[in-house]
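Architecture at a glance
Residues per chain, in single letters:
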There are 2 protein chains.
Amino acid sequence: MRIAVIGLGLIGGSIALAARQRLGAEVVGTDIDPTIREAALAGGAVDRTCPTAAEAVQGANAAFVAVPVGGLPDAVGAVLKHAPQECVVSDVGSTKRAIVAAQADPRFVGGHPMAGLEHSGLRHARGDLFDDATWFLTPSDVSSNTLLERLRGLLETVGARPNVIDAESHDRLVAVLSHLPHVVANVLILQAEATLSPGLQTFSSAGPSFRDATRVAGAPAEIWADIYATNADKLALAVEDMVARLRAFQEALRSGDPAGIVTFIEVAATARARLEQGPR
Amino acid sequence: MRIAVIGLGLIGGSIALAARQRLGAEVVGTDIDPTIREAALAGGAVDRTCPTAAEAVQGANAAFVAVPVGGLPDAVGAVLKHAPQECVVSDVGSTKRAIVAAQADPRFVGGHPMAGLEHSGLRHARGDLFDDATWFLTPSDVSSNTLLERLRGLLETVGARPNVIDAESHDRLVAVLSHLPHVVANVLILQAEATLSPGLQTFSSAGPSFRDATRVAGAPAEIWADIYATNADKLALAVEDMVARLRAFQEALRSGDPAGIVTFIEVAATARARLEQGPR
């Protein structure tokens, strides 16, 4: 089995490592940056590299496009142009409607692994990054079922949990499960900076809840601006929902409604306990 | 040196352990629950126990009241009534204005360690819980400077970073650094539950940013309702500030303002980097 990986950052590099380690696949990698290609080869993430995607996908059984969301349409288009007839092509973008609508090709199945680190780049890549992580698959109306099933089996062998879902539902879900937590992390950081008094200018005065909630605030601006832009409508709705819930909480606070506050916390605690009853 | 600890939960138990391990103090503990007193003695958190605070503080050089915020006024009052003339009395409540205003006694200095776990209870107590953690001290106008300095030295020896601040500033700060992250964790959980579709009813579909941001959502409702109630005005203002920032972000999203989004993320990333330049 030959796997092509286009874009060797944290996610692409981790796919390459997992494919070699878990699938025993021959992995051909490419990256726009030649020093990254060299590092991937030297570090054992890939068996060989090519300077272009067109070359990397020659003879591949599967191809993963792991470039930032903003560059996906061009990169996936180039891969589909050169990939073999029976090669399943997927991506790892955080939003799915735009890319799935743009690629009406039976070989293309959108994808999105729910894994990541606060660090980016090949040097943080690891073969176990996707262990037990949900990996959303968003086929289009014309995607080949045979190729979808091949991709699903491949990801299961890698250790992930493939979950087939339509692109619309995916984007609504990640607006709440991923994009909104990132927005809130940024907002909390900005509020903290506006509130800290002289002599308290560092995180040393913050407890663990603040540090956890703001861990992702430093995520790369260019990448996330594209993610937000391709999911602007769903994310705006998620923000609207959050504002309404914050307003209701604020009203309970201001009107001195302790029972309302207790209920708010208890309902959330119950919901969390229920959500936790999953495999991870 | 003899230290009295009133309330042997996660924080009280950890103070007791740290006082024995780091100060070599004789620790006398009490708790309203006799089984907790026995467990503290059996587990080596305290040298001995007493059934009441009045007995526990006899001959003490310092007393820590580590009961939930709702029970603080009564508990601190009882300790001050029975503590020796030269005993410094402090608490560990998450809000400071109410308790500091209620106790006009030279021996009382409000306190609040910025440490904690998502778990509560004596069995999670550990002597290193406060290592490098900020420990706010909020003296009142009548607090003895001598006793404040004794308390500060004691906490430094325990491994914490004492930080003297007025109760008003403290409450404004923790509204943003602690209370708001808890509220947001609850809101995110409720939004997730309202958004997840059948077949995706668990955390397994959430990435690490969501799990981190919602880790504290299961915190005990009774304890947190009291904390919020004693800081309702500051917390309502912090919510107001968050809503305004979310609205501005939402407006940038809806108007398709990529530069505004990039700036929002970059300013937050810069602020985070600056805040991180602290000891922890």
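These numbers come from a predicted model, not from an experiment.

1. Re the overall build of chain A
Per the secondary structure count, chain A includes 11 helices and eight strands. Overall, the C-alpha framework of chain A stretches about 70 × 45 × 30 Å when taken along its three principal axes. Counting over 280 residues, chain A shows a buried share of 55%.

2. Quick notes on the sheet that holds strand β2 (residues 26-30) of chain A
Within a sheet, adjacent strands bond to each other through the backbone by hydrogen bonds, running parallel or antiparallel. Residues and elements named next belong to chain A. Spatial strand order, β3-β2-β1-β4-β5-β6-β7-β8: eight strands in an open sheet with mixed pairing. Among the strands making up the open sheet, the edge pair consists of β3 (48-49) and β8 (161-164). With two bridges connecting them, β2 and β3 associate as parallel partners. What sits directly across from Gly 29, in β3, is Thr 49. Across the face of the sheet, helix α6 (residues 145-158) comes into contact with β4 (62-65), β5 (88-91), β6 (108-113), β7 (134-139) and β8 while running at roughly 170° to β7.

3. Side note on the packing of helix α10 (residues 232-254) of chain A against helix α7 (residues 167-195) of chain B
If you want to describe how two helices pack, look at the angle between their axes and the distance between the axes. In the contact formed by α10 of chain A and α7 of chain B, the axes pass within 10 Å of each other and the chain directions differ by 125°. One way to sum up the angle between α10 of chain A and α7 of chain B is to call them oblique. The element α10 of chain A and its partner α7 of chain B pack so that their crossing is right-handed. Taken together, the residues of α7 of chain B that come into contact with α10 of chain A (itself represented by Ala 238, Asp 241, Met 242, Arg 245, Leu 246 and Phe 249 of chain A) are Val 183, Val 187, Leu 190 and Gln 191 of chain B.

4. So, the relation of the copies chain A and chain B
Note on the copies: chain A fits chain B at an RMSD of 0.0 Å, the axial shift is 0.0 Å, and the rotation between them is 180°. Those values place the two copies in the arrangement expected of a two-fold rotation axis. Closest approach to the rotation axis among the C-alpha atoms of chain A is made by Ala 213 of chain A, whose C-alpha sits 2.1 Å away. Residue by residue, 100% of the interface of chain A is reproduced at the interface of chain B, so both copies engage with the same surface.

5. As for the sheet that holds strand β7 (residues 134-139) of chain B
Residue and element names in this part refer to chain B. Pairing is mixed in the open sheet, where eight strands are placed in the order β3-β2-β1-β4-β5-β6-β7-β8. Edge strands, defined here as strands with exactly one partner in the open sheet, are β3 (48-49) and β8 (161-164). The pairing of strand β1 (residues 2-6) with strand β4 (residues 62-65) spans four bridges and is classified as parallel. Residue pairing for β4: Ala 4 is matched across the bridge by Ala 63.

6. Comments concerning the domain arrangement of chain A
All names here are of chain A. The domains assigned to chain A are domain 1 (2-165) and domain 2 (170-276). One C-alpha centre belongs to domain 1, the other to domain 2, and the line joining them spans 31 Å. Going through the elements one at a time, α5 (97-102) and β7 are the ones with two or more residues in the side of domain 1 that touches domain 2. Taken together, the residues that form the side of domain 1 that touches domain 2 break down as five nonpolar, six polar and three charged.

7. Examining the pairing of β6 of chain A
Residues and elements named next belong to chain A. In terms of burial, β6 is a largely internal element, six of the six residues being buried. Because side chains alternate across β6, one face comprises the buried residues Phe 108, Gly 110 and His 112, and the other comprises Val 109, Gly 111 and Pro 113, equally buried. Relative to β6, β5 runs parallel, the two sharing two bridges. Within β6, the position partnered with Val 89 by the bridge is Phe 108. Taking the sense of rotation as the criterion, the β-α-β connection linking β5, α5 and β6 turns out right-handed. Bridge analysis of β6 against β7 gives five bridges, and the strand direction is antiparallel. Looking across to β7, one finds that Val 109 is bridged to Pro 139.

8. Some details on the nonpolar core
One recurring pattern in soluble globular proteins is that nonpolar side chains are buried together. Val 5, Ile 6 and Ala 63 of chain A together with Val 5, Ile 6 and Ala 63 of chain B are the most contacted members of the largest nonpolar core, which has 199 residues in total. Per-element tally for this core: the top contributor is helix α7 (residues 167-195) of chain A, with 15 residues. Excluding anything up to four places from it in sequence, Val 5 of chain B contacts Gly 12, Ile 15, Ala 16, Val 27, Gly 29, Val 46, Phe 64 and Ala 66 of chain B.

9. Re the interface of chain A and chain B
Counting residues at the interface gives 84 residues for chain A, matched by 84 residues for chain B. Of the residues that constitute the side of chain A that touches chain B, the class distribution is 50 nonpolar, 20 polar and 14 charged.

10. Quick word on helix α10 (residues 232-254) of chain B
In a regular helix each residue adds 1.5 Å, so 23 residues correspond to 33 Å; α10 of chain B covers 32 Å between its end C-alpha atoms and thus fits that length. Those residues of α10 of chain B that are buried are in contact with α7, α9 (221-229) and α10 of chain A together with α7, α9 (221-229) and α11 (258-276) of chain B. Phi for Gly 256 of chain B, located one or two positions after α10 of chain B, is positive at around 60°.

Quick notes on the rules
- Residues numbered from 1 in each chain as written.
- Chains lettered and ligands numbered in written order.
- Predicted model: local features only at pLDDT ≥ 70, side-chain atom pairs only at ≥ 80, totals over all residues.
- Helix = DSSP H or I, 4+ residues; strand = E, 2+ residues; numbered from the N terminus.
- Buried ≥ 20, exposed ≤ 12 C-beta atoms within 10 Å, placed from the backbone.
- Pairing = 2+ DSSP bridges.
- Contact = placed C-beta atoms within 7 Å.
- Axes fitted to C-alpha atoms, helices over the stretch in contact; angles between N-to-C directions.
- Parallel < 35°, antiparallel > 145°, perpendicular 65-115°, else oblique.
- Left-handed = near helix turned anticlockwise from the far one by under 90°.
- Least-squares fit on C-alpha atoms with pLDDT ≥ 70 in both.
- Domains from an automatic or database assignment.
- Nonpolar A, V, L, I, M, F, W, Y, C, P; charged D, E, K, R; others polar.
- Right-handed = clockwise from strand over helix to strand, strands pointing away.
- Core = buried A, V, L, I, M, F, W, Y, C linked by C-beta atoms within 7 Å.
- Expected span 1.5 Å × (residues − 1).

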